Each structure stands twice: as C-alpha cells, then as structure tokens.
Amino acid sequence: MAINIERDNPKLTAKFIQDAGLELVVSDFDAKLLEQFKAAGTPFIVVIDGTHAAPEKPDFRVLYKSEGFEGTKKLRQVIDGIKPPPKPSARSGRGVDGAIEATTGTPVIHQGDLSFEAMLASDIQLTSTALTYGQKHGATEWKIDYTHKTIGEDYEPYGLFDFLGYSERIHANYNGGGADIRQKLG
C-alpha cells in the first residue's frame, strides 16, 4: 500500500503512481500516518507483519522502517523472513516456545519538551523555563506543563536627566502549570 502526502502536484503524483505501478494508494495530506511512525523524510518504507492478527485480536508488528530506499534485496529479505505464527500446543494453550503473544493495538505516543529562554542585559534579566509531557493514544490526548519565570531589574537613575527616579532592585519568581485532555469524537 502506498501513502500519498503530496497535495500540491496532483498531475505529477498521478504520473509517479502510474510509473511505479502502484495499485492501492491512500491519501494522507496531513501526514498523520508518517507522524505516528516518527518519519522525517520520504520515501519512507515500512514492512508490517499482520500474520498474528485476527478479527478479535489486532496484532500488527513493525518489522522494518527506513527513510529512503535501501533496495529490493533488503525489502525481499525482510518480507521473506515473515513466518506464520506457531500453532498453540494442546498442553499449555501457548505458542510452541511457551511465550504468550502480546496483543498490540493503537500505539501510545509519548511527547516531552523542555525549553529555556532568557533576555539578559546589564540592568534587566528575564528567564522562562517550561517543561511539558503528554501522551497520545488513539483519539485521546493529554498533557501537563510547568513553567518557571524570573524577572530581575536593577535600576539606577541617570542623574543628569532623571530627577524623580530612585534606585530600585526588583526580583520576582513566578510558577505556573496546566493540564489538558482532548478526546476526538469523530
């Protein structure tokens, strides 16, 4: 299956699809599928093993991911390595090797960010530090964040022009946080 993320050049895309002999092409103009695989470039090739899946037990395993094309020999090697799952033994109800196969479904995507910003001068200092962590699982997404900001000002009036001013030193710390949860309904 091929995923088309190119919206701007439909004629060029149609020619590529025809030249490559692709039969099943799905459009994903927002690149959500590439985002789930953390892909940064194209072409992006994924081989997924679905031989362990059943209607009541979705079990799809990513066997190979590559940004760029490493050649048909590498792809053929990965695809030929796919074997059907072992039959359960009568004694244990488990696979031949005795291991219980893990069921996989929608991936859980973890996201974390740490940022720091500063503006420093001889008489003023401003800093901002933010820490964010969240997860995305299917249609549910949540995140929490914490921020710490500081303000520092050391003011000395310039005697020739500032007759009303006075020396002042201000230092303050501010902390904040937030939580967010989203559920897609459609």
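The notes below deal with the structure included here.

The rules behind these values
Residues numbered from 1 in each chain as written. Predicted model: local features only at pLDDT ≥ 70, side-chain atom pairs only at ≥ 80, totals over all residues. Heavy atoms only, no water. Phe/Tyr/Trp six-rings, centres within 6.5 Å; stacked < 30°, edge-to-face > 60°. Buried < 20%, exposed > 50% of the residue type's maximum accessible area, 1.4 Å probe, protein only. Core = buried A, V, L, I, M, F, W, Y, C linked by side-chain atoms within 4.5 Å. Helix = DSSP H or I, 4+ residues; strand = E, 2+ residues; numbered from the N terminus. Contact = heavy atoms within 4.5 Å. Pairing = 2+ DSSP bridges. Axes fitted to C-alpha atoms, helices over the stretch in contact; angles between N-to-C directions. Salt bridge = Lys/Arg side-chain N within 4 Å of Asp/Glu carboxyl O.

1. What about the packing of aromatic side chains?
Across all of its chains, the model carries 1 aromatic pair by this definition. Their ring planes at 65° and their centres at 5.7 Å tell us that Tyr-133 and Trp-142 sit as a pair that is edge-to-face. Its relative accessible area of 33% is what places Tyr-133 among the partly exposed residues. In this structure Trp-142 comes out as partly exposed when scored by relative accessible area, which is 30%.

2. Structural notes on the nonpolar core
For soluble globular proteins, nonpolar side chains are generally found buried alongside one another. Ile-45, Val-47, Tyr-64, Leu-75 and Val-78 form the largest nonpolar core, which has 5 residues in total. The set of elements that each furnish at least two residues to this core consists of strand E3 (44-49) and helix H3 (72-80). Among residues more than four places away in sequence, those in contact with Leu-75 are Ile-45, Val-47, Tyr-64 and Phe-69.

3. Overview of the pairing of strand E8 (residues 168-183)
Remember that side chains alternate between the two faces of the sheet whenever the strand is regular. Little of E8 sits inside the fold, with 0 of its 16 residues counted as buried. Both strand E7 (residues 140-155) and E8 contribute to a ladder of 16 bridges, which runs antiparallel. Looking across to E8, one finds that Ile-151 is bridged to Ala-172.

4. Quick look at the sheet that holds strand E5 (residues 108-120)
The strand order across the open sheet formed by 4 strands is E5-E6-E7-E8, and the pairing between neighbours is antiparallel. Both edges of this open sheet fall to E5 and E8, since each of them pairs with a single strand only. Within the sheet, the average angular offset between the axes of one strand and its neighbour, ignoring direction, is 5°. Strand direction decides the pairing type here: E5 and strand E6 (residues 124-137), joined by 13 bridges, are antiparallel. Its bridge partner being in E6, Glu-117 is matched across the sheet by Ser-128.

5. As for helix H1 (residues 10-20)
Of all 11 residues making up H1, only 1 are buried, and the element is barely covered by its neighbours. Positive backbone phi, at 75°, marks Gly-21, one or two positions downstream of H1.

6. Overview of the pattern of salt bridges
Enumeration according to the criterion identifies 5 salt bridges in this entry. Here Asp-30 makes a salt bridge to Arg-7, at a shortest N to O gap of 3.9 Å. On the criterion of sequence distance, the pair formed by Asp-30 in the loop between strand E2 (25-27) and helix H2 (32-36) and Arg-7 in the loop between strand E1 (2-4) and H1 is long-range, its members being 23 residues apart. On the accessibility criterion, Asp-30 (55% relative accessible area) is exposed.

Interpretation in functional terms is not warranted from these geometric data alone.
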